[in-house]
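# Secondary and tertiary structure notes
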Amino acid sequence: MNLARFPRVRLAHLPTPIEPLPRLSEALGGPEIWIKRDDCTGLSTGGNKTRKLEFLMAEAVDQGAEVVLTQGATQSNHARQTAAAAAKLGMECHILLEDRTGYEHENYRYNGNVLLDVLHGATIEHRGPGLDMNAEMEAVAEAMRAKGRKAYAIPGGGSNATGALGYVNCALETLAQLTEMGLRVDHMVHATGSAGTQAGLVTGFQALNAQIPVLGIGVRAPKDKQEANVFALAEKTADKLGCPGVVARGDVVANTDYVGEGYGLPAESTLEAIDLFARLEAILLDPVYSAKGAAGLIDLVRKGHFDSSDRVLFLHTGGAIGLTGYTHVFDVAGRA
Ligand SMILES: *Cc1c(COP(=O)(O)O)cnc(C)c1O
C-alpha cells in the first residue's frame, strides 16, 4: 500500500492528538477510554471531512476545476469543510442543502455550519427531504458544465474511494502514534454515516494488519444497510490502493441502536453523551454524529461489552460548531 502515489493537498493539522479520558473512564468504571482528536483537524473548526478533502480537492485541482459542488443536510459539517477548502484553494463552492430534520428554528437554519458556509463565500440552494441528493447535485453540475464551467462534484460526506483515502491515512497515522507511544489499543469506536470514515479506517488497518477492530455507531441507516455501504466502499478503496480483497465482510461492524428518532434528531442518550464529555473532559461533541457515537460507546461500556482490561480509542470526528444550531434542545434560557 502506497498512499504517496495519490495527489493530495494539505488542509489538515496532522497528526491529531491521541489523549486519555481519565475522568470519563473512571465515571463509567469500565475499560480505559482514549480519544483521537479529529475534531482538531484545524480547517474552519475542524472535523473528519478535512482528511477526505485533502485527496478530493487534489483531484479537483488536477482537473482544473473552477467550482466544486457538494451536498448534505442543513447543518452539514462536510459542506462547511468543503466551503472552507474551496476558499483556501481559490475555487468557488456551491452547496445543496437538504432539509432532513424539519427543524424551523432560526439557529438551526442560519447558525452553526450554515453561518460558516456563508462566511466562506459558498452559494447555497435548498432541497426538500427524501430526494436522491447526489443525483440533484449531479444535475446542477451538468447544467454548469453545459455553460462551459469546469465543475467538480463531491458526493455527500466526501464518501467515495478518493475521499476514503483520507481515513486510510488516519489508520497509518494512528498506528504510527500508538507505536511511538507504546500504547496497545483493543478497539476503535466512532460515528458512521456516509461510510467513508469507517471504510478508510478498516481498509487501512487491514492493509497494515493492525488487528484493531473498528466499531461504527450508526447515525441514520439500519445495521444491514450501513454495514453493506461501508463494506462496498472499503472494497473500492482497497482496489484503488492496490490491495484488492484485503477487507472481509466480517471486518465491517456497525451498531445502529443509538440513532433515536432519526438523522439529526438527538435522543436522550445523545444529550447525556454531550453532557458527560463536556463536564468530565471539557470535550464538545455534536448532536448529529459524535454524540451518537459516544452514546453507543457509553452504553456498550455500561453493558460490559468491553473487557475492563481493554483500552478503547474513540475517534472524535468533529462537528461541535453544529451545537450552535441546536440551542433549542438544551434548556439554555432556563439555565443561563
Ligand atoms: C460526516 C461525519 C461523520 C461520519 O463520517 P462518514 O465518513 O460520513 O461516515 C461523523 N462525525 C461527524 C462530525 C461528521 O461530520
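Just so we're clear, the structure is a prediction, and the values are computed from it rather than from any experiment.

## Focus on the nonpolar core
Ranked by internal contacts, the top residues of the largest apolar core, which has 27 residues, are Leu24, Val189, Phe277, Leu285, Leu297 and Phe314. If you list the elements that add at least two residues to this core, you get α1 (22-28), β2 (32-37), β8 (214-218), α10 (268-281), α11 (290-302) and β10 (311-316). The biggest single contributor to this core is α11, with seven residues. For Val189, the residues in contact, after removing those within four places along its chain, are Leu215, Ile217, Gly293, Leu297, Phe306, Val312, Leu313, Phe314 and Leu315.

## Quick notes on the sheet that holds strand β6 (residues 151-153)
Strand order in the open sheet formed by four strands is β5-β4-β3-β6, and the pairing between neighbours is parallel. Sheet topology places β5 (123-127) and β6 at the edges, where each strand pairs with a single neighbour. Averaged over neighbouring strand pairs, the angle between their axes works out to 25° when direction is ignored. As judged from the five bridges shared by strand β4 (residues 92-98) and β5, these two strands associate in the parallel manner. Each residue of the ladder has a partner; that of His94, found in β5, is Thr123. The sheet contacts of helix α3 (residues 77-89) involve β3 (67-73) and β4, and relative to β4 the element is tilted by about 170°.

## Observations regarding the domain arrangement of the chain
In terms of domains, the chain is made up of domain 1 (18-46 + 160-329) and domain 2 (48-154). Each of domain 1 and domain 2 was reduced to a C-alpha centroid, and the two centroids are 24 Å apart. With 37 residues of domain 1 in contact, the opposing surface of domain 2 contributes 27 residues. Each partner contributes to the roughly 2,700 Å² buried at the junction of domain 1 and domain 2, and carbon and sulfur atoms together form 55% of this total. The largest contributions to the domain 1 side of the interface with domain 2 come from Leu43, Tyr263 and His328, which together make up 21% of the buried area. One can count two salt bridges joining domain 1 with domain 2. Across the salt bridge formed by Arg51 and Asp38, the nearest N and O atoms sit 2.7 Å from each other.

How each quantity is defined
Residues numbered from 1 in each chain as written. Predicted model: local features only at pLDDT ≥ 70, side-chain atom pairs only at ≥ 80, totals over all residues. Heavy atoms only, no water. Core = buried A, V, L, I, M, F, W, Y, C linked by side-chain atoms within 4.5 Å. Buried < 20%, exposed > 50% of the residue type's maximum accessible area, 1.4 Å probe, protein only. Helix = DSSP H or I, 4+ residues; strand = E, 2+ residues; numbered from the N terminus. Contact = heavy atoms within 4.5 Å. Pairing = 2+ DSSP bridges. Axes fitted to C-alpha atoms, helices over the stretch in contact; angles between N-to-C directions. Domains from an automatic or database assignment. Buried area = accessible area lost by both parts, 1.4 Å probe. Salt bridge = Lys/Arg side-chain N within 4 Å of Asp/Glu carboxyl O.

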